[in-house]
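Residue-level structural notes
Next come the chains, spelled out residue by residue.
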Amino acid sequence: MNSNFIAVEGPIGAGKTSLAKAISDHFHFHLLKEIVEENPYLGKFYENIDEWAFQTEMFFLTHRFKQLEDIQNHFLHWNKPVVSDFHMFKNLIFAHLTLRMDYYEKYAKIYSILTEDLPEPNMVIYIHADVDTLLKRIAMRGRNFEQSISPDYLKQLSERYDIFIEEFEREHPNVPILRIDGNATDFVNNEHDLKTILENVTFLLAKGANNR
């Protein structure tokens, strides 16, 4: 794949979509936004995770698969750069946290089949933030179905993200990861913080282009 494909990741409330849009606007990349509110199981999921986890995760998996397939055919195949507010690997993070082991094993098999030939980003931006910061941002954006998310769930999710990012970096040494401290960085309201991130992205894009 010759065209740039950046994925912005982090736990719920980290600011993935806001940063992905800023990158899209600055570099004129196509913006790929994940489907969230369209998931008919999500409200039920946050009320009863055990009951609705598998349906919720399967919806996200199949829809993200379709989104990436379309991006491959209509953008990356034609060398049109893309920035996404998710990486496909997030499916495994959430599924590992929410599914019973027997369901997770089935899910992982389906995930492996669906993702074996999907496009892979050549850069990942990872936003980490503590639970208090995530809860504040979740409250600010005001999605009704997210207001019942427990702090304990967010804590476990953040921990799973940290573990997975470390594993991903070891397994994909050629994919640069730009880490952002979401507690100390306000790329939405602070122009200097956003400028610093965009400069780092520019550097990594240039470095990647030189290595091709």
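Residues numbered from 1 in each chain as written. Predicted model: local features only at pLDDT ≥ 70, side-chain atom pairs only at ≥ 80, totals over all residues. Heavy atoms only, no water.

Per an unreviewed UniProt entry, the protein is named Deoxynucleoside kinase, and its organism is Fervidibacillus albus. The record held by UniProt for the protein lists under Sequence similarities (unreviewed entry) the comment "Belongs to the DCK/DGK family." (UniProt positions renumbered as here; feature names shortened; annotations may be inferred.)

1. Quick notes on the nonpolar core
Among the nonpolar cores identified, the biggest contains 66 residues, and Ile6, Ile12, Leu19, Ile23, Ile125 and Val201 are the most heavily contacted of them. Ranked by residues supplied to this core, first place goes to helix H3 (residues 49–74) with eight residues. Filtering out sequence-adjacent residues up to four positions away, valine 201 remains in contact with Ile6, Ile23, Phe27, Met123, Ile125 and Leu178. (Core = buried A, V, L, I, M, F, W, Y, C linked by side-chain atoms within 4.5 Å. Buried < 20%, exposed > 50% of the residue type's maximum accessible area, 1.4 Å probe, protein only. Helix = DSSP H or I, 4+ residues; strand = E, 2+ residues; numbered from the N terminus. Contact = heavy atoms within 4.5 Å.)

2. Topic: helix H6 (residues 131–141)
Here H6 has its buried residues at Val131, Thr133, Leu134 and Ile138. Buried residues of H6, viewed axially, fall in a sector of 160°; they line one side. What points out from H6, more than 90 degrees from its buried face, is the exposed set Asp132, Lys136 and Met140. Packed against the buried residues of H6 are helix H7 (151–171). Phi turns positive one or two residues past the end of H6, at glycine 142, with a value near 70°. (Arc of directions from axis to C-beta.)

3. Details of unusual backbone geometry
Phi is positive for histidine 28, close to 65°, though the residue is something other than glycine. As for its position among the elements, histidine 28 is in the loop between helix H1 (16–27) and strand S2 (30–32). What makes histidine 28 exposed here is its relative accessible area of 68%. Positive phi outside glycine occurs at asparagine 79, with the angle close to 60°.

4. With respect to the sheet that holds S2
An order of S2-S3-S1-S4-S5 is seen for the five strands of this open sheet, with the pairing classed as parallel. Edge positions in the sheet fall to S2 and strand S5 (177–181), since each has one partner strand and no second. Averaged over all adjacent pairs, the angle separating strand axes in this sheet is 20°, with direction ignored. (Pairing = 2+ DSSP bridges. Axes fitted to C-alpha atoms, helices over the stretch in contact; angles between N-to-C directions.)

5. Examining the side chain of glutamate 9
Assignment of secondary structure puts glutamate 9 in strand S1 (residues 5–9). Judged by relative accessible area, which is 0%, glutamate 9 ranks as buried. Within the structure, the side chain of glutamate 9 is placed 2.9 Å from the backbone nitrogen of histidine 87, a separation counted as a polar contact. (Polar contact = N/O pair within 3.5 Å; in protein donor to acceptor, adjacent residues only side chain to side chain.)

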